Each structure stands twice: as C-alpha cells, then as structure tokens.
Amino acid sequence: LRSAITFKKTLNTDVKYDLKDIKLKTNEQILILKETEENMRMTFTGAAGTGKTVLAMEKAISLADTGRRVLLLCYNTPLAVQLEKELSDYPLIKATNFDRFCKEIAESAKINTGHLSFEQVRNGLVDNFIESDYEEFGALVIDEGQDFQDKWLRDLEITVKDENEGMLYIFYDDNQNLMSTSANYISGLPQAKHRLTRNCRNTKSIFKKAKKFYVGGYVMAIGPEGKSPIINTYKSMLDLRTIMGERTGVLCKGEKIKPGDIAVLVPDSN
C-alpha cells in the first residue's frame, strides 16, 4: 500500500569515513620516527600526501618532550599559521615561516626592516642572529624543504647548537618538477635519508588520477578506495563558471558537504 522508500547515503557520510581511515593510516607513519630517532641529522623525502608535515610536527614534539628548544620552519605562510596553531600548547617549539623568522631576528638585532626587501632581510640572517637576543635552538626541523634555497639552509645552521653537528631534520618533496633550489645542500648532508613511499592523504581513486602528473620516487596509495573523481571539460570561462556552479551546488545541497570544506584550485590568480 505504500510506495518504496529509498535511503540515500550522501557523499558527506562517505567523506567522514574516508577521513577516519586516512587519519589512522597517517598516524601509522609516525612509527617511522621511532625507527630513526637515533639519527642526529636526517632527511625525509616523499611525494605530496606521504605525511611529511605530520611527521615534521611529531618530530618537533618528540624533541621538545626531551627538553630541547625546537625551531620548526616552512616557507609557505598559510602552512606556518596552521603549524603554529597546531603546536600552540608546546612552549619549547617555535613554529613559523622563514621570512617571518628572518624579520624577527633582524628586529631583535635592532635592525629597521621597514625599508628592506625580503632578500635583504634574508641575507642578513647570520649576522643578525649573532647580534640578536636569540639563543641557539636545540634542534631545527624544516618542512617543505624543497621551497628553501641552498643559501638559506646553510645560513640556518647558525641557529642550531653545535652548528654542523647540531640536530637537523628536513622533510621535502622529491618531485623532480619542484625540487631544485635546495638540491645541493640536501644531497650534501652526511647523515641518513629516509624515503616515504606510502601516500596516506588521498583516497586510492584520487591517487590513481593524480599519479600521472607526478615525477619522482616510488609511491603507493594505502588510503581507502573512495569515490571515483568526476572529470568535466570546458571550452570557455563561461562553461567553467557554469560547471563550477553546478558542481558546488550538488556538493552543498545534495551531498551535504559544508562550503568551508570545499577547496577550488585554479592555475593562476586570473
């Protein structure tokens, strides 16, 4: 007497389950730090999604737990803000981005940075650190090391106790399309290197579609299978805007995805 009732599981529900699985897989990567904790200077290399940032934070935390003051640096400002937020409960960890750190050092050395360019402030790091009120850190951890130039990495040695023998850990992307400016410094480090080979950030379906754009070392996906990506093509900017409007509408209204959980990547600012 009644019409059939259909229960539809939304994409939002699938995403929540996938994220739980991804978090579990990412946490498993932390065991790598336990296996390599005896190395005083080490690099960790891997493609995007292999857990480098998570490991960098965990390395900083483990070092701070031993009473060391830790400097955790990246180059990207939004990432630095996130790192600082995530590690706000650890007073021994200073998490920031390279340019802001250089500026803070310069200002501590009583340098007026208002009329100086970023390049000038960076070039003065060594001299300014010597003249500043900063004490040397017990360890230096660098995330996204491929964004750093060789000179910056050499200059940052001044911030660590015992300089060339101090504790230094660099996490970087070995994708050949990105890796360039810091190659000489990283390859010249005398200590161990660990390659991260498991992608734990993405679903396997997304990984398969994105893998053809990657050039670098071996990587395998260990995340959940996930939904197959939908690919749309467009011939004009009007087509693009129409498709974007339709897709975001479906995601927000039909699939119950929160607008704040949707990221739109574009090739340029135009």
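The structure this text deals with has already been given above.
What is the right way to look at the pattern of salt bridges in this model?
Any two side chains of opposite charge can pair, given that their charged atoms come close. Within the structure shown, the criterion is met by seven salt bridges. The salt bridge partner of Arg122 is Glu119, with a shortest N-O separation of 3.2 Å. Of this pair, Arg122 and Glu119 both sit in helix α6 (residues 118-123), three residues apart, which is roughly one turn of that helix. Since its relative accessible area comes to 9%, Arg122 is described here as buried. The salt bridge partner of Asp155 is Lys151, with a shortest N-O separation of 2.6 Å. Of this pair, Asp155 and Lys151 both sit in helix α8 (residues 150-155), separated by four residues, roughly a single helical turn. A relative accessible area of 12% means that Asp155 is categorised as buried. Salt bridges sharing common partners tie together Asp99, Glu119 and Arg122.

What's the story with the environment of Arg41 in this structure? I'm lost.
Along the chain, Arg41 falls in strand β1 (residues 41-46). Arg41 gets classed as buried once you look at its relative accessible area, which sits at 7%. Expressed as a C-alpha distance, the spacing of Arg41 and Ala139, which sit 98 residues apart in the sequence, is 9.5 Å. Polar contacts involving the side chain of Arg41 include one to the side chain of Glu157, which spans 2.9 Å.

About the criteria used
- Residues numbered from 1 in each chain as written.
- Predicted model: local features only at pLDDT ≥ 70, side-chain atom pairs only at ≥ 80, totals over all residues.
- Heavy atoms only, no water.
- Salt bridge = Lys/Arg side-chain N within 4 Å of Asp/Glu carboxyl O.
- Helix = DSSP H or I, 4+ residues; strand = E, 2+ residues; numbered from the N terminus.
- Buried < 20%, exposed > 50% of the residue type's maximum accessible area, 1.4 Å probe, protein only.
- Polar contact = N/O pair within 3.5 Å; in protein donor to acceptor, adjacent residues only side chain to side chain.

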